[in-house]
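One-letter residues, chain by chain:
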Amino acid sequence: MNKPVMAGNWKMYKTPADTTAFFNAFRPLVADARHCEIVICPPFLDLPAAIESARGTNIQIGGQNLYWAKEGAFTGEVSGPMIRAAGASHVIVGHSERRQFFGETDGTVLKRTIAALEAGLTPIVCVGEHLAQRESGQTEAVLCEQCSGGVTSLDAQQFAKILIAYEPVWAIGTGKTATPEIAAEAHSIIRREMRQKYGPDAAASLRILYGGSVKPDNAKNLMAQSEINGVLVGGASLDAASFAKIVNYQS
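Residues numbered from 1 in each chain as written. Predicted model: local features only at pLDDT ≥ 70, side-chain atom pairs only at ≥ 80, totals over all residues. Heavy atoms only, no water.

A look at unusual backbone geometry
Move 1: Even without being a glycine, Lys 11 presents a positive backbone phi close to 55°.
Move 2: Inspection of the secondary structure puts Lys 11 in the loop between strand 1 (5-9) and helix 1 (16-30).
Move 3: Phi angles above zero are rare outside glycine, and Lys 14 is one such case at about 85°.
Move 4: With respect to the element layout, Lys 14 can be found in the loop between strand 1 and helix 1.
Move 5: For Lys 14, a relative accessible area of 26% translates into the label partly exposed. (Helix = DSSP H or I, 4+ residues; strand = E, 2+ residues; numbered from the N terminus. Buried < 20%, exposed > 50% of the residue type's maximum accessible area, 1.4 Å probe, protein only.)

Spelled out as structure tokens, the structure:
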């Protein structure tokens, strides 16, 4: 059975000095956490500090985005090979903030996912609905469309190497959290779509993370749902003690 993944997305927070200070506090708090995989995704400028601070530990480092070309005249972009060469192992793809503010589409999510895989990175592919879509009963349709427009275009070998994060947009940075049952239902929809495309074994092996105002006081209940295979944490991952409590949800 694959271990759950406890991932932190720092978004646009922390300097390299802040990053080093965080890891100095965080490392001893999770040194015995062997029940899960720990991934932290800092801003690009913090990758060297994070990778050096995590060296020799049970903590993996990821990027927050990547461009689909390996190199070229794309000012301001970062490629998969660059992220991999820096020492990272994961990368977030298609985060709702990228979709909402920077024009990300299902098609570009697919291109970035493939680029990540070609660079030897594990993509954390994000999907999720807006509040208006949930309130109008479109959650299932939105998730199916995002999956069919993105990851289901991968071949079986590529699919086996990805993670998916369900992030209801209405629960990101709002303090609102999907109940464990609501989150599990959405995860079940995603897994069903994957089962239809890739078969029962591949769908069962897929790890689907929940993201959306995850905090120390709700992590254990979320992780108690069999459909939830980890979390993608935003604000609560910025504080070492807070994120350590989420990682150590079993205790």
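There's more to say after this.
Here we look at helix 5 (residues 106-118)
Move 1: Its 13 residues place the ends of helix 5 18 Å apart at the C-alpha level, agreeing with the 18 Å of an ideal helix rising 1.5 Å per residue.
Move 2: All of the buried residues along helix 5 are Asp 106, Thr 108, Val 109, Leu 110, Arg 112, Thr 113, Ala 115, Ala 116 and Leu 117.
Move 3: Tucked into the core, helix 5 has its buried residues touching strand 4 (90-93), helix 4 (96-102), strand 5 (122-127), helix 7 (139-148) and helix 8 (156-159).
Move 4: Count one or two residues on from helix 5 and you reach Gly 120, which has phi positive near 80°. (Expected span 1.5 Å × (residues − 1). Contact = heavy atoms within 4.5 Å.)

Topic: the packing of helix 1 against helix 12 (residues 240-247)
Move 1: Orientation of helix 1 relative to helix 12, taken along the N-to-C sense of each, is 25°, at an axis distance of 9 Å. Classified by the interaxial angle, the pair formed by helix 1 and helix 12 is roughly parallel. Pair helix 1 / helix 12 crosses with right-handed handedness. Side by side, helix 1 and helix 12 meet where Phe 22, Ala 25, Phe 26, Leu 29 and Val 30 of the first sit next to Ala 240, Ala 241, Phe 243, Ala 244 and Val 247 of the second.
Move 2: Grouping the constituent residues of the contact of helix 1 with helix 12 by class yields ten nonpolar, no polar and no charged. (Axes fitted to C-alpha atoms, helices over the stretch in contact; angles between N-to-C directions. Parallel < 35°, antiparallel > 145°, perpendicular 65-115°, else oblique. Left-handed = near helix turned anticlockwise from the far one by under 90°. Nonpolar A, V, L, I, M, F, W, Y, C, P; charged D, E, K, R; others polar.)

Some remarks on the packing of helix 7 against helix 9 (residues 180-198)
Move 1: Relative to each other, helix 7 and helix 9 sit at 40°, their axes nearing to 10 Å. Compared by their axis directions, helix 7 and helix 9 come out oblique. The two elements helix 7 and helix 9 meet at a crossing, and its hand is right-handed. Side by side, helix 7 and helix 9 meet where Glu 140, Leu 143, Cys 144 and Cys 147 of the first sit next to Ala 186, Ile 189, Ile 190, Arg 192, Glu 193 and Met 194 of the second.
Move 2: Residue classes in the contact of helix 7 with helix 9 are distributed as seven nonpolar, no polar and three charged.

Details of the pattern of salt bridges
Move 1: Under the counting rule described, the total for this entry stands at nine salt bridges.
Move 2: Salt-bridge contacts for Glu 140 lead to Arg 192; the nearest nitrogen and oxygen are separated by 2.9 Å. A residue pair is termed long-range when its members are at least 10 positions apart, and Glu 140 in helix 7 and Arg 192 in helix 9 qualify at 52 residues.
Move 3: Note on Arg 192: relative accessible area 28%, which makes it partly exposed.
Move 4: Residues Glu 193 and Arg 192 are paired through a salt bridge, measuring 3.0 Å at the closest nitrogen-oxygen approach.
Move 5: Residues joined by salt bridges that share partners form a network here, namely Glu 140, Arg 192 and Glu 193. (Salt bridge = Lys/Arg side-chain N within 4 Å of Asp/Glu carboxyl O.)

So, the nonpolar core
Move 1: Among the nonpolar cores identified, the biggest contains 66 residues, and Phe 26 and Met 194 are the most heavily contacted of them.
Move 2: Ranked by residue count, the leading element in this core is helix 9, at six residues.
Move 3: Setting aside chain neighbours within four positions, we find Met 194 in contact with Cys 147, Val 151, Thr 152, Phe 159, Ile 164, Gly 199, Ala 203 and Leu 206.
Move 4: Within the second largest apolar cluster, eleven residues are counted, among which are Ile 124, Leu 163, Ala 165 and Leu 232. (Core = buried A, V, L, I, M, F, W, Y, C linked by side-chain atoms within 4.5 Å.)

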